[in-house]
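So the chains spell out like this:
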Amino acid sequence: MGGIFLILNLNILVLGIYFNDNNEWIIEMKVIEHIEKANNPIFSFEIIPPKRGKNVQEIINIVKDLQPFNPPYIDVTSHSAEAYYEENNDGIVKRHIRKKRPGTISICGIIQNRFKIDTVPHLLCRGFTKEETEDAIIELNYLGIHNVLAIRGDETNYKKPIQSGRSINVYASDLVSQLDKLRKGKYLDEILNADSMNLCIGVGGYPEKHFEAPNLKKDIEFLKNKVDAGADYIVTQMFFKNEDFFNFKTECRNAGIQVPIVPGIKILSSPKQLTSIPKNFYVNIPNSLSNEIEESPKHAQQIGIDWCIKQSEELLNNGVKNLHYYIMNGAESVTKVLKKI
């Protein structure tokens, strides 16, 4: 009897179909379907896997905190391997290659199948071959996960050697192109009667331009390449001035980009972030916000929450249907924001 239930549950898992507490069917949806079908604004979130050696309970606790706000989907970041050095008692230094935060696919499976919330795993170009990408999509398909965010990924201190016979996606547009081919049943090796993959593909956009682009116009040209390759929607890098987002969206529409553009929002929580966020994410923090935190550092978290509330309300009042919050490893601040708005 247990074996029968196991098979039934596996079939439900693979199909992306679940039962809720009332034994009603719940069918996995794509991000663009969530956006298009929403009668009210929706709030999505992005979290980061725990560090190697930590347990997944902290992720479960975050999702429990978010549940009352009915998130349609949750993004889970992905990370390439990095090199680090360790000296033993004999003074010998050894080089290790590790992912500091493994487990993206596993965490997505836990969230989607335990909490019945759609998940969006991030897929990277850097550190992953096309073959590994294809395998990852197959694994995700088995789990009933059909949303992905395709990004190039940050530069690391370790460049993975590519084995003979394998290949890589250099740019995010290349990765999107590979994923789009999988939607059409086109695999790296020809497979007779291969099934197509049911995928919704998101990509990143930069309201203040990507730091490597010479200007915003050129950066939007690169973004259009990703959309033309098959991307279904765009989620932006964090920004703290809504004017930057509105201008970015206008320029995208003028360039012929018509897919949904989801604004990404980050809540400042400490004075240290006034330097760490611009350094790591190449975004600007408005003078009025940074001055207020510098004048009252002990109240930095509340200042960040108040700023985010105003920012969120303005976006909603201007017709934005989906706000995406970068919460990373804690939900306390964002729950305070959502209770207000």
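Report on the accompanying structure. Keep in mind it's a predicted model, so treat the numbers as computed, not measured. (Residues numbered from 1 in each chain as written. Predicted model: local features only at pLDDT ≥ 70, side-chain atom pairs only at ≥ 80, totals over all residues. Heavy atoms only, no water.)

**What to know about the overall build of the chain**
So, point 1. Scanning the chain from N- to C-terminus turns up 12 helices and 12 strands.
So, point 2. Across the 341 residues in the chain, those meeting the buried criterion constitute 47%.
So, point 3. For the chain, the proportion of contacts with a sequence separation of at least 24, taken over those separated by at least 6, is 74%.
So, point 4. Approximately 18,300 Å² of the chain is accessible, and the part contributed by carbon and sulfur atoms is 48%. (Helix = DSSP H or I, 4+ residues; strand = E, 2+ residues; numbered from the N terminus. Buried < 20%, exposed > 50% of the residue type's maximum accessible area, 1.4 Å probe, protein only. Contact = heavy atoms within 4.5 Å. Areas by Shrake-Rupley, 256 points an atom, 1.4 Å probe, with all protein chains shown as cover.)

**Describing unusual backbone geometry**
So, point 1. In this structure, Asn70 is a non-glycine residue whose phi angle is positive, near 50°.
So, point 2. Tracing the chain through its elements places Asn70 in the loop between helix 3 (57-66) and strand 4 (73-76).
So, point 3. Looking at Asn70, the relative accessible area reads 64%, which means it is exposed.
So, point 4. Phi at Tyr282 is positive, roughly 55°, even though this residue is not glycine.
So, point 5. Residue placement: Tyr282 occurs in the loop between helix 9 (273-281) and helix 10 (287-295).

**Some details on the packing of aromatic side chains**
So, point 1. Under the counting rule described, the total for this entry stands at five aromatic pairs.
So, point 2. With a centroid separation of 6.1 Å and 25° between ring planes, the pair formed by Phe45 and Tyr325 is classed as stacked. Here Tyr325 lies in strand 12 (residues 322-328) and Phe45 lies in strand 3 (residues 42-47), a separation of 280 residues in the sequence. Residue Phe45 shares its accessibility class with Tyr325, and that shared class is buried. (Phe/Tyr/Trp six-rings, centres within 6.5 Å; stacked < 30°, edge-to-face > 60°.)

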